[in-house]
Each structure stands twice: as C-alpha cells, then as structure tokens.
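Structural features, examined
Spelled out, the chains give:
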Amino acid sequence: MPPYRVRRALLAAASFLIGIVLILRPFDSLTWFAVTLGLALMLGGVIEIIRDRDQHSTFSTACGYIMIACGMIEAIWPGLTSFGISAATTAGLATFAVSRLVDGVRGTGSPRVADGLIGIAALALSYVAYATPGVSIFAVALAIGIALIWYAVATAVSVFSRSPLLSPTPVPRIAAALLAVVVAVPLAAVSFQTRQGTPVADNFYEGAAEGPPGTLLRVEPFNREIGKGSKAWRILYTTRRGDHPALASGIVVAPSGEPGTAHPVIAWAHGTTGTAAGCAPSLLEKPFTAGAMPALSRAINEGWAVVAPDYIGLGTQGPHPYLIGQDEARSTLDAVRAARSVDGLSLANETVVWGYSQGGHAALWTDLTAPSYAPDVPLSGVAALAPASDLRAIAHNLPSTRGTAAFGAYLLDAYSHVYPDVDPDRYLRLQARLPMEALQDKCRTAPGFATALTQSIAVGTNPYSQDLDTGPMGRRLAENTPVGTSTTPLLILQGGDDQFIAERAQTGYVNQLRAVGTPVDYRTYPGIDHPAMVASDSPAITPLIDWTRDRLK
C-alpha cells in the first residue's frame, strides 16, 4: 500500500476511535474529557496539514498547526475548567472554519461547495462553544465525534476501495456538509437566543448572620419590574439552615399610597430559577418573570404588599436547599419578619402565602412550619399553584418528561449537599455525569425550547441509571413531601395538561392531605400545562385573587 494510503488509513482509524469516545463519553472526569477533546482538535489539525499538502497549498497547514496548539493546551493544561475547555475548543473550531471557508472561496466545482458548507457548520459550532460555555461544550463534543466518524468512514472507503462503484463521489460529501449546516446553524441560533451569563452576587448579599431569625440586616431601593404606583426594596436578612444561622435575600413591593397604611402581606414563593447563587430573582433582569409571579400588579392594586424571598443560597452563600421543605419555609417566614422592619413600610399581621411549582412546595411547607417556627407570622391562607408536592412521583416522572434534565440536576445537587447518604453518581449514567454537573450552574431563564434542545443534546434522552425515587434519594424525597395536619385555609390549583407535575399525582397528594384531616380547596383546569398555570391569561388567576381577597377581609 502506498505511504499516503497508509497515512490516511491511520488517520481514519484514529478518527473513528476518538469519535466513538466523544460520543459515548465513558468517563466522569473533566480532565479526561478535556484530553479527549484536545486529541480531537490535534487530529483535526493533522488532517488539515495532510489535506493541504495533498492540494499543494500552505494556508491550511498554518491553520492545522494552530488547531494542534489549541488541542495541546486543552489536553495538557492541568485543572482546565469547562470554560477553559470551551475557549480552546472555540479557537480550534474557528480556525478550522476559516481554513475550510478560504478553500471554499479559492476552490472550484463540488469540493468548493462542500468546503464552504463545512466551514459554515464549523463556524456555527465554534459560536455555540463560545456563547454558552458549560453544558453546550458536551453538545459540541458530540458533533465533533460524529464528524470524526464520518471522516473515518469516508476515508476508509477512499483508501481501501478498488471498485469504481465504491469510489467517493462529490454527492455524499456535499450531502454530509449540508446536514452539518442544518444541525449546527440552528444550534448556534439557539445559543444566541439563550446567551447570558449567570449574574454574580454583589456585596449586598454578604455579611454575618447575626441576630435572631428575621433580623433585617440590609435594605436598599429596588426598581426592576416594579410598575407605577409601587415602591420596592431589596432586603438581606437572617434565617436558619437546619440548626445553623444563615442569610437570605428577597424583594419587598408595596403600594406607594398613603404612608402609614398597614398592608396585608402576600408572601410569594417563586418557581424554579436555578440553584447557583446568581440565580436569585433579585439579581435577575426580570425577577418576577423569572420566578413566574402571577398578577403582581393586581396584588398591588388590591392594596397588598408582596414579600418575595430568594431563598437561602440564591444570592447568598449556598448551597440552595432546592425542594428541601423546612429550609424553604423558614426563609419565607423570616422574609415576612424582616420586611416589617423596612422604614417607610407598614405591614398588617395578615399574611397569605402564594407559591408556584418549587414555590408551591415552599408554600405548603410554610403552612406546616409556621405554627412552631414563626407563631408571630399568622397565616390567613396558603395558595399553591401546580405545586411540587409529591416529590417521589415527580422524580419518577423526570426520565419520561422532555426538557427536565435541569430539574434532576438541581435535585441531585441540593440533596447531595444536605444529605450525605445521597450520591449523585449512583443515579446518573457515566456519560451524563459531567453535563449534569454543568447544568447545576445554569439558571432557568432561557426560553423553554432552547433550554430543552441544549439539554437533550448534552445529556441524552435519559441521563439516569436508577430512578430518583428509589434508595436514599427516594427516602429523602419522601421526607420532604409536605404531608401534615393543618387548619389554615388551603387552595391548590392544578393544570389538567401539566406534563411535569401530573394531575393524577396532584390529586393523589390532595387525597393524602384530606386523609389526615387537612381541608383542601382543590381546583383543576383542563388543557392547562405547567407554564400556562401562571400566564397572564391563565383561568386560575382571577380565582386566586378572589380567594385571597376573602382570606384578607
């Protein structure tokens, strides 16, 4: 076999092997992932150099050496973070894209078309790696793996084929390049749509947790998403995490009417925004939209003040107790206590708790926790919209529900920090562990479709090796399901088309409450899914306002 055929056969074998490894990701170490991706970039550089020599040109050789340098940095740099991996991959892919685009401009015929399309696809992937570092790098690695396998197969056919029928033709290469563009460009568009860094908490959220729970430590005016006729503050206060003092933050909004008027309180427990410190609603550009607050303006028009805790670990030092009931409840009750000390604000004793999704879980736990923890915060009612109530049922449903990988990542992150017997590796497939770790740092503020697409590519359709409702995780989820006897008026609103929190599971939870003697006003809305429950045109909003008004008379 001529030397050039041997050379290409070896490249094909190496490409196939590295491509398979990138697709399967049989490692749970970021270091080995970086090494493999670095080897892929170096291999791509070698392919460009050999290709350039075959075509008697020099530009691709220079690009090939740059790609090799990027790959070496990625492979041998000790302790390279996911952001460093993304940066090196971006540089390598952008260099490859330039090489192919230049060849596309200089070339002729069908090779010119294929090179141009491949260059466009590579440029799009380089933007994906740059725009959303972290989770997206695993999607990019998957695409690189597929491209390497395609190159390996096409090269093997070219090297070993002796039949004209099996000789490579321009059509498959152009078709493959076009397919790469069809996949990569929409992914880049999604990355552009979702590109936003997680905010960084400023000094406002730092301090010592001194004083009894509910002590107001810091307050300043707040204006994001605050409408006319309202005034608002950002607050920092003390609370408790288990048996230890902790800090939490939040937002207080009140009508800007007659000073001295005592406003009844709506304690708003927000929906899932993430578990990273920067995911606090008070840090986000649209805090009430991010936390899915329904009818803020209508609440203010009723003369009610809204106290909206971020919860522990969002803004303040983590970890965030995601769906860990008592810690969520304490930070909600202590926010009301702290808001009473805001200068220029007068609050009545009457408090109704509203909560949605994660916040619905917090609201239900607030009801159970208030009598013993905060008897000075009497509750006139609790309204939970599509609450995360039966946690084991929700966890069991996660693998079959599209776009919910982040919720599983948040759960495993929070529970493994609080409960030593919960080990995430026990519940995750090997190849899903790294991207699920990356998801923990992402806020749930991206559009639903874009988030679901990125997650699906990065972690696969089912990242779990074991159901989350089994073993130690299942026992801890059961402990944090809010079942207990209460005399507080309780309203639960549920959508009939909710894929995340199924109506059947919610009905079963309501039956559990009724079985232990807790009266529940339970209302369902056919055709309403999880996000639609708190949309501006939701049929549940007016009943929520009316029910709350009756509690605060």
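Computed from a prediction, not measured in an experiment: that's the story for all the values here.

So, the nonpolar core
Core analysis: the biggest nonpolar cluster contains 38 residues, and L22, F33, L37, I137 and I144 have the highest contact counts within it. Elements represented by at least two residues in this core include exactly helix 1 (3–24), helix 2 (30–54), helix 4 (82–106), helix 5 (109–131), helix 6 (136–160), helix 7 (170–194) and helix 15 (433–439). Considering each element in turn, this core owes the most residues, 8 residues, to helix 5. Apart from residues no more than four positions distant in its own chain, I137 is found in contact with F33, L37, I85, S86, T89 and A129. Core analysis: the next-biggest nonpolar cluster, separate from the first, contains 37 residues, A248, A363, L364 and V377 among them.

Things to note about the state of the cysteines
Scanning the entire structure with this criterion turns up 1 disulfide. Covalent S-S linkage joins C279 and C443, the inter-sulfur distance amounting to 2.1 Å. The sign of the S-S torsion, about -95°, decides the handedness of the disulfide formed by C279 and C443: left-handed. Taken as a pair, C279 in the loop between strand 4 (262–269) and helix 8 (287–290) and C443 in the loop between helix 15 and helix 16 (448–459) lie far apart in primary sequence, 164 residues in all. You'll find C279 and C443 in the same group, each marked buried. In this structure C63 is a free cysteine whose sulfur lies 11 Å from that of C70, the closest cysteine sulfur available. Given a relative accessible area of 5%, C63 falls into the buried group.

A short note on the pattern of salt bridges
A side chain with one charge can pair with a side chain of the opposite charge if their charged atoms come near. If you walk through the whole model with that rule in mind, you get 14 salt bridges. Salt-bridge contacts for R340 lead to D376; the nearest nitrogen and oxygen are separated by 3.9 Å. With a gap of 36 residues between them, R340 in the loop between helix 10 (325–339) and strand 6 (346–356) and D376 in the loop between helix 11 (358–373) and strand 7 (379–385) connect regions that are remote in the sequence. Among the residues examined, D376 registers a relative accessible area of 35% and is labelled partly exposed. Between D550 and K553 there is a salt bridge, with its nearest N and O atoms 3.4 Å apart. You can call D550 partly exposed: its relative accessible area is 40%. In this structure K553 comes out as exposed when scored by relative accessible area, which is 79%. Look at the salt bridges and you will find they share partners, linking D334, R337, R340 and D376 into a network.

Cut-offs applied
- Residues numbered from 1 in each chain as written.
- Predicted model: local features only at pLDDT ≥ 70, side-chain atom pairs only at ≥ 80, totals over all residues.
- Heavy atoms only, no water.
- Core = buried A, V, L, I, M, F, W, Y, C linked by side-chain atoms within 4.5 Å.
- Buried < 20%, exposed > 50% of the residue type's maximum accessible area, 1.4 Å probe, protein only.
- Helix = DSSP H or I, 4+ residues; strand = E, 2+ residues; numbered from the N terminus.
- Contact = heavy atoms within 4.5 Å.
- Disulfide = S-S within 2.5 Å.
- Salt bridge = Lys/Arg side-chain N within 4 Å of Asp/Glu carboxyl O.

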